[in-house]
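# Architecture and fold: a report
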Amino acid sequence: MNPIQTKAKAAGVNLDRLPVHIGMIMDGNGRFAKAQGFARLWGHHKGYKTLRTALLDCSDLGIRYLTVYAFSSENWRRSDDEVAGLMQLIEKSTRDEVPTMMRNNVRLKVAGRLKELPASLQEAFQFAVETTAANTGITFTLAVNYGGRAEIVDAVRDLIKSGVPADEVDEACLSRKMYLPEVPDPDMILRTAGEMRWSNFLIYQAAYAELVVTDTTWPEFKQEDLFAGVIEYQSRLRKFGGVTG
Ligand code: IPE
Ligand code: IPE
Ligand code: MG
């Protein structure tokens, strides 16, 4: 057992029943910044620091897949300054974190309508994804310009193009057309900052995910909140439509 697993166990986490895949809606950066008297972008920079820690914590804990919502297909509605600042932050941090991902055996993936992103950001993603592709530790997916509805639309377009007859369309073949068919469905979606909604995140894959919401904003999110989230997930009875007990 590594130090974080020892800590998690002491906090009450059952290490034999960890979620395989955690999705995170990292919300509340703007509110956090406002509460401290700073601009929204300052909150996003703090949020990036939180993500660095959360990724390594999840990796050390033994989570196999972590998918985080970094920019939604609806976030273009924000001011030009905020959108440009987020794009720059995502690009710089992707480049800067490649050595850390290599040291920690992290495999990076990206999900979303990537072609609509700035060319330099697409290049940074391509470099980081290719460099980390052979790593065998946690699979870390950044959802950028991601929308669950857009993903379903893209999957349907792909299906139609591939010429599958309508009555042969089933859930399995639709799932194979999602952005990352090799990534299993999330077991748990953790959202910070109190809102009880999906905001278009993994709406197809999260059909049976457990939603865990924390009151703290994303920049305030700590290791203890991760443990508490996993403990709450482990307290839920997952029935998948059947009958248990
Ligand atoms: C989440 O924080 C980060 C992104 C959407 C990029 P917000 O920016 O949504 O923060 P709030 O919800 O306004 O506090
Ligand atoms: C969801 O948060 C998107 C990300 C965390 C990237 P939003 O702040 O955009 O969601 P709403 O607007 O509160 O639903
Ligand atoms: Mg928000």
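Residues numbered from 1 in each chain as written. Chains lettered and ligands numbered in written order. Predicted model: local features only at pLDDT ≥ 70, side-chain atom pairs only at ≥ 80, totals over all residues. Heavy atoms only, no water.

## Observations concerning the packing of aromatic side chains
- Going through the model one piece at a time under the given rule, you end up with 9 aromatic pairs.
- Residues phenylalanine 38 and tryptophan 42 carry aromatic rings whose centres are separated by 4.2 Å and whose planes lie at 25° to one another, so their mutual orientation is stacked.
- Its relative accessible area of 28% is what places tryptophan 42 among the partly exposed residues.
- Among the aromatic residues, ring-to-ring pairing joins Tyr69, Tyr146, Tyr179 and Phe201 into one connected group. (Phe/Tyr/Trp six-rings, centres within 6.5 Å; stacked < 30°, edge-to-face > 60°. Buried < 20%, exposed > 50% of the residue type's maximum accessible area, 1.4 Å probe, protein only.)

## Describing the pairing of strand E3 (residues 107-111)
- Counting buried residues in E3 gives 4 out of 5 residues, a clear majority hidden from the surface.
- With 5 bridges connecting them, E3 and strand E4 (residues 139-146) associate as parallel partners. Across the sheet, valine 110 pairs through a bridge with leucine 142, a residue of E4.
- Running through helix H6 (residues 119-132), the crossover from E3 to the neighbouring parallel element E4 is left-handed. (Helix = DSSP H or I, 4+ residues; strand = E, 2+ residues; numbered from the N terminus. Pairing = 2+ DSSP bridges. Right-handed = clockwise from strand over helix to strand, strands pointing away.)

## A look at the nonpolar core
- Judged by nonpolar contacts, the single largest core of 42 residues is most densely connected at Met24, Leu66 and Phe140.
- When residues of this core are assigned to their parent elements, the largest contribution, 5 residues, is made by helix H3 (residues 40-61).
- When neighbours within four sequence positions are excluded, methionine 24 is seen to be in contact with Cys58, Leu66, Thr67, Val68, Tyr69, Leu190, Phe201, Trp218, Phe221 and Leu226.
- The next biggest cluster of nonpolar side chains, apart from the first, holds 13 residues, and it includes Ala143, Leu180, Val183 and Ala206. (Core = buried A, V, L, I, M, F, W, Y, C linked by side-chain atoms within 4.5 Å. Contact = heavy atoms within 4.5 Å.)

## As for H6
- With 14 residues, H6 should cover 20 Å at 1.5 Å per step; its first-to-last C-alpha distance of 20 Å lies within 8% of that length.
- Turning to H6, its buried residues number three or more, namely Leu121, Ala124, Phe125, Ala128 and Thr132. Relative to the axis of H6, the buried residues are bounded by an arc of 100° and lie together on one face. Turned more than 90 degrees away from the buried face of H6, the exposed residues are Ala119 and Glu130.
- If you follow the buried residues of H6, they end up packed against helix H4 (80-96), helix H5 (98-103), E3 and E4. (Expected span 1.5 Å × (residues − 1). Arc of directions from axis to C-beta.)

## Remarks on the layout of surface pockets
- Reported here for the largest pocket is a volume of approximately 740 Å³.
- In this structure, the largest pocket is lined by 36 residues; those nearest its centre are Met26, Asn29, Tyr69, Ala70 and Phe71.
- Mapped onto the lining of the largest pocket, the elements with two or more residues apiece are helix H2 (29-35), H3, strand E2 (65-72), H4, H5 and E4.
- With 8 residues, the top contributor of residues to the lining of the largest pocket is H3.
- Looking at the lining of the largest pocket residue by residue, the class counts come to 17 nonpolar, 11 polar and 8 charged. (1 Å grid on protein atoms, 1.4 Å probe; cavity = no way out; pocket = protein on both sides within 12 Å on 5 of 7 lines; lining within 4 Å. Points joined across faces, edges and corners; volume = space filled by probe spheres on them. Nonpolar A, V, L, I, M, F, W, Y, C, P; charged D, E, K, R; others polar.)

## Looking at the site of ligand 2
- Around ligand 2 sit Ile25, Met26, Asp27, Tyr69, Ala70, Phe71, Asn75, Arg78, Arg191, Arg197 and Ser199, and that is every residue in its neighbourhood.
- Arginine 78 is positioned such that a nitrogen or oxygen atom in its side chain is 3.3 Å from an oxygen atom of ligand 2.
- At 2.6 Å from an oxygen atom of ligand 2 is found a side-chain nitrogen or oxygen belonging to serine 199.
- Contact with the protein chains hides 78% of the accessible area of ligand 2, taken as 390 Å² for the molecule alone.
- Given that more than half its atoms are within 2 Å of the pocket grid, ligand 2 belongs to the largest pocket. (Near = heavy atom within 4 Å. Polar contact = N/O pair within 3.5 Å; in protein donor to acceptor, adjacent residues only side chain to side chain. Areas by Shrake-Rupley, 256 points an atom, 1.4 Å probe, with all protein chains shown as cover. Sits in = over half its atoms within 2 Å of the grid points.)

## So, the pattern of salt bridges
- On inspection of all chains with the given rule, the structure shows 15 salt bridges.
- The shortest N-O distance in the salt bridge between arginine 52 and glutamate 97 comes to 2.7 Å. Here arginine 52, found in helix H3, pairs with glutamate 97, found in the loop between H4 and H5; they are 45 residues apart in sequence, far enough to count as distant.
- Take arginine 52: its relative accessible area is 35%, and that puts it in the partly exposed class.
- On the accessibility criterion, glutamate 97 (13% relative accessible area) is buried. (Salt bridge = Lys/Arg side-chain N within 4 Å of Asp/Glu carboxyl O.)

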